[in-house]
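# Coordinate inspection notes
Listed below, chain by chain, are the residues.
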Amino acid sequence: MKILVTGGAGYIGSHTMIKLLENGYEVVCVDDLSNSKMIAVKKVEEISGKKVDFYKADIRDREALRKVFTEHKIDSVINFAGYKAVGESCAKPIEYYDNNIYGILVLIEVMREFGVKNLVFSSSATVYGNPHKVPITEDFPLSTSNPYGSTKLFIEYILKDLYKSDNEFNISILRYFNPIGAHPSGKIGEDPNGIPNNLCPYITKVCVGKLPFVNIFGDDYPTPDGTGVRDYIHVEDLAEGHVLAVKKLEEKPGLFIVNLGTGVGYSVLEMVNAFSKALGKEVPYKIGPRRPGDIPMCYADPSFAEEFIGFKAKRTLDDMCRDALNWQLNNPDGYVE
Ligand code: NAD
Ligand code: UD1
């Protein structure tokens with residue numbers, strides 16, 4: 001079976017390609033390298049000992065996609081390609097709508113042209129907005145508060161309408177919670193540009209002395225210690241979730257939506273403490289004001305994922321911190337080509 005992975009050179013895509021290769025799938029990767037480097041694909045090949053057929057292309061480039069589908073008989077597509085920074089999406093909404101929404105529209109049109117009808121889409125817990133309670137089940141009301149989140153929600157609507165119009169499609173919408181960590185080899189990991197926006201890459205930069213301290217965004221939330229609570233999931237677990245989703249598509253299940261989370265929430269302070277434990281010394285932090293748009297608490301009810309695709313996150317918080325730190329220590333400047 002051959003899987004087309006768009007955005008496969010990125011953080012989640014690179015980990016997923018390894019799991020696919022380890023599970024006997026052939027992998028074709030399309031990435032424009034707008035937020036990644038080719039070396040990540042080389043590392044995937046090195047770790048797995050298998051080849052990835054790589055195309056440097058934008059998924060909005062219809063002719064480039066046609067070439068890929070002409071040269072390979074694709075069974076299923078996993079679409080990771082897209083922009084993902086919330087703050088940037090507020091400054092550049094049109095670029096986000098264009099890349100994320102127009103991108104998947106072109107991809108779907110070309111898939112249809114070539115009779116490929118199995119698709120996995122990377123959605124996000126951001127589509128739950130500020131949930132009225134936790135844990136969050138897949139049937140919770142949906143809303144968004146920024147253009148990035150809106151692209152995810154609109155694409156979910158597009159995929160539902162597509163399925164209604166053509167139920168030969170099999171579509172898996174995966175709502176990720178907060179992916180962190182890295183491959184245990186320390187060879188691939190998260191490599192954000194500039195100062196990280198997300199908590200864990202920020203903490204690991206503090207751990208290696210690239211940043212002086214962690215800014216904790218508020219300690220007056222209605223949570224046990226006042227800091228924000230999230231469902232952090234090891235990227236390796238998340239990657240395995242994609243293999244299970246692809247296997248499920250082979251059973252022709254129609255459209256399904258699952259949360260990919262652990263079901264456990266950790267606070268910002270608990271995360272800082274967990275990294276201090278992994279590092280063997282205190283990670284410095286300061287409490288600052290809340291970040292606009294943040295919600296107090298967000299964690300998944302993962303039971304449907306377990307029941308429907310057999311997914312259960314196995315890795316612990318200690319595993320996540322150790323692997324994230326190992327990647328950062330081995331690659332203090334991220335990928336260097
Ligand atoms: P990433 O930026 O590391 O990976 C995305 C990849 O897509 C990059 O390699 C980039 O170069 C590529 N890309 C972007 N636009 C493209 C285009 N038009 N054509 C071809 N390639 C393109 O991001 P990630 O963290 O691996 O996230 C993957 C997907 O999962 C994204 O869609 C993201 O929105 C979604 N997601 C991520 C998180 C998270 O916390 N990382 C959470 C929820 C959902
Ligand atoms: C962010 C995005 C969300 C996206 C998710 C996964 C925002 C507002 N939301 O979610 O849309 O789906 O990433 O990529 O950007 N924190 C600090 N100090 C920091 C950074 C974060 O205290 O320097 C806190 C935050 O307030 C939050 C927690 O750490 O409580 C996690 O933050 P982050 O890693 O940015 O993820 P989310 O806000 O959950």
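Residues numbered from 1 in each chain as written. Chains lettered and ligands numbered in written order. Predicted model: local features only at pLDDT ≥ 70, side-chain atom pairs only at ≥ 80, totals over all residues. Heavy atoms only, no water.

## Focus: the sheet that holds strand 1 (residues 2-6)
- Taken in spatial order, the seven strands of this open sheet run 3-2-1-4-5-6-11, and their pairing is parallel. Each end of this open sheet is capped by a strand with a single partner; those strands are strand 3 (52-56) and strand 11 (255-260). Across the sheet, the mean angle separating the axes of adjacent strands is 20° when strand polarity is ignored.
- Packed onto the sheet, helix 5 (residues 93-113) meets strand 1, strand 4 (76-79) and strand 5 (118-124) and runs at close to 165° relative to strand 5. (Pairing = 2+ DSSP bridges. Helix = DSSP H or I, 4+ residues; strand = E, 2+ residues; numbered from the N terminus. Axes fitted to C-alpha atoms, helices over the stretch in contact; angles between N-to-C directions. Contact = heavy atoms within 4.5 Å.)

## Let's talk about the site of ligand 1
- Close to ligand 1 lie 26 residues; Asp31, Asn35, Ser36, Lys84 and Asn99 are nearest.
- Between Ile12 and ligand 1, the recorded distance is 2.8 Å, taken from a backbone N or O atom to an oxygen atom.
- In the environment of ligand 1, a nitrogen atom lies 3.2 Å from a nitrogen or oxygen atom belonging to the backbone of Asp32.
- Coverage of ligand 1 by the protein amounts to 95% of the 810 Å² it exposes when considered alone.
- The set of elements that each furnish at least two residues to the shell around ligand 1 consists of helix 1 (11-22), strand 5 and helix 6 (147-165).
- Its residues placed into classes, the shell around ligand 1 shows eleven nonpolar, ten polar and five charged. (Near = heavy atom within 4 Å. Polar contact = N/O pair within 3.5 Å; in protein donor to acceptor, adjacent residues only side chain to side chain. Areas by Shrake-Rupley, 256 points an atom, 1.4 Å probe, with all protein chains shown as cover. Nonpolar A, V, L, I, M, F, W, Y, C, P; charged D, E, K, R; others polar.)

## Regarding the site of ligand 2
- Surveying the vicinity of ligand 2 reveals 17 residues, the closest of which are Leu199, Asn215, Arg230, Arg291 and Asp294.
- Here an oxygen atom of ligand 2 sits 2.9 Å away from a polar atom, N or O, in the side chain of Asn178.
- The separation between an oxygen atom of ligand 2 and a polar side-chain atom of Asn198 is 3.0 Å.
- In isolation ligand 2 has 740 Å² of accessible area, and contact with the protein removes 87% of it.
- By residue number, the principal contributor to the shell around ligand 2 is strand 8 (residues 214-217), which donates three residues.
- Of the residues that constitute the shell around ligand 2, the class distribution is seven nonpolar, seven polar and three charged.

## Overview of the environment of Ile173
- Inspection of the secondary structure assignment puts Ile173 in strand 6 (residues 170-176).
- Judged by relative accessible area, Ile173 falls into the buried class, the value being 0%.
- Setting aside residues no more than four positions away along its own chain, Ile173 makes contact with Phe121, Ser123, Glu156, Leu159, Leu255, Phe256, Ile257 and Val258. (Buried < 20%, exposed > 50% of the residue type's maximum accessible area, 1.4 Å probe, protein only.)

## As for the sheet that holds strand 9 (residues 229-230)
- With respect to topology, three strands assemble into an open sheet ordered 12-9-14, the strand pairing being mixed. Each edge of the sheet is formed by a strand with only one pairing partner; in this case those strands are strand 12 (266-267) and strand 14 (297-298).
- Taken together, the two bridges between strand 9 and strand 12 define a ladder with antiparallel strand orientation. When the bridges of strand 12 are listed, Val229 appears paired with Ser267.

## Examining the side chain of Asn259
- Here Asn259 shows up in strand 11.
- Of the polar contacts made by the side chain of Asn259, one reaches the backbone oxygen of Asp301; its length is 3.4 Å.
- The contacts of Asn259, once residues within four sequence positions are left out, are Tyr128, Ile136, Thr137, Glu138, Arg175, Phe177, Ala300, Asp301 and Ala305.

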